[in-house]
Amino acid sequence: MPQEIAAGLSASGLRFAIVLSRFNSFITDQLLAGALDCLTRHGAKDSQITVVRVPGSFEIPLTASTLARRKRHDAIIALGAVIKGATSHDELIAAEATKGLTQVMIETGIPVAHGILTPSSLEQAIERAGTKMGNKGWDAALGAIEMANLMKELRS
Ligand code: INI
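This one's a predicted model, so the numbers in the text were calculated from it and none came from an experiment.

> Help me understand the overall build of the protein in this model?
Helix and strand counts for the protein stand at five helices and six strands. Taking 15 Å as the expected radius of gyration for a compact globule of 156 residues, we find that the protein reaches 15 Å, a close match to that expectation. With the C-alpha coordinates of the protein rotated into their principal frame, the extents come out at 50 × 40 × 30 Å. In the protein, the share of contacts with a sequence separation of at least 24, taken over all contacts with a separation of at least 6, comes to 80%. Carbon and sulfur atoms make up 56% of the accessible area of the protein, which totals about 8300 Å². If the 16 positive side-chain charges of the protein are averaged to one point and the 15 negative ones to another, these points end up 6 Å apart.

Have a look at this one:
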């Protein structure tokens, strides 16, 4: 039998930072509610969770990088909503935010969960913020819990 390493999903004792975009807040506030619900259902206490609000998704990577370098959190959860507009502005923001988050994760070793929605319409955004397609904030938080546990296990 090969050796298999699969991390648990307990958030007990872990510290999380949520970086939340204020842009499209009617969607991102729902993502935040989902992420908080997931963390607390998996055993996190309010005192283990820090929420940092930023103007838009473009500002998430710098904030995540600053938080990651402080080494006070086991994982960071990035929440935003970049909705398709009439120009390619949204594509640039979504691509740069994603690249930035990958860079933070690789350079600091702190897991960053990608919870930035990139829907083509407002309807698609609503579907992913607690309705038809679930809540992507909840999903991102679950990924953050698993990765925080996995990194602890691999480093021990
Ligand atoms: N920020 C978002 O989070 N979502 C968007 O859809 C969006 N659009 O489309 O413009 C957006 N723009 C703001 C951007 O993130 C920065 O806050 C702004 O450019 C200032 O740097």
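> What am I meant to see in the site of the ligand here?
Residues in close proximity to the ligand include S21, F23, N24, G56, S57, F58, E59, A81, V82, I83, H89 and I93, which together make up its full environment. One of the side-chain N or O atoms of S57 is found 2.7 Å from an oxygen atom in the ligand. One of the backbone N or O atoms of I83 is found 3.2 Å from an oxygen atom in the ligand. When isolated, the ligand has an accessible area of 460 Å², and the protein chains bury 74% of it. A per-class count over the shell around the ligand returns six nonpolar, five polar and one charged.

> I keep staring at helix α2 (residues 60-70) and nothing clicks. Help me out?
At 3.6 residues per turn, the α-helix brings residues three or four places apart onto the same side. I60, P61, T63, A64, S65, L67 and A68 are the residues of α2 that are buried. For α2, the secondary structure elements touched by its buried residues are β1 (16-21), β2 (49-54), β3 (75-81), α3 (89-108) and β4 (112-117). Looking one or two places after α2, you find K71, whose phi comes out positive at around 55 degrees.

The rules we used
Residues numbered from 1 in each chain as written. Predicted model: local features only at pLDDT ≥ 70, side-chain atom pairs only at ≥ 80, totals over all residues. Heavy atoms only, no water. Helix = DSSP H or I, 4+ residues; strand = E, 2+ residues; numbered from the N terminus. Rg over C-alpha atoms; globule rule 2.2 N^0.38 Å. Contact = heavy atoms within 4.5 Å. Areas by Shrake-Rupley, 256 points an atom, 1.4 Å probe, with all protein chains shown as cover. Lys, Arg positive; Asp, Glu negative; His and termini not counted. Charge placed at Lys NZ, Arg CZ, Asp CG, Glu CD. Near = heavy atom within 4 Å. Polar contact = N/O pair within 3.5 Å; in protein donor to acceptor, adjacent residues only side chain to side chain. Nonpolar A, V, L, I, M, F, W, Y, C, P; charged D, E, K, R; others polar. Buried < 20%, exposed > 50% of the residue type's maximum accessible area, 1.4 Å probe, protein only.

None of this, on its own, says anything about what the molecule does.
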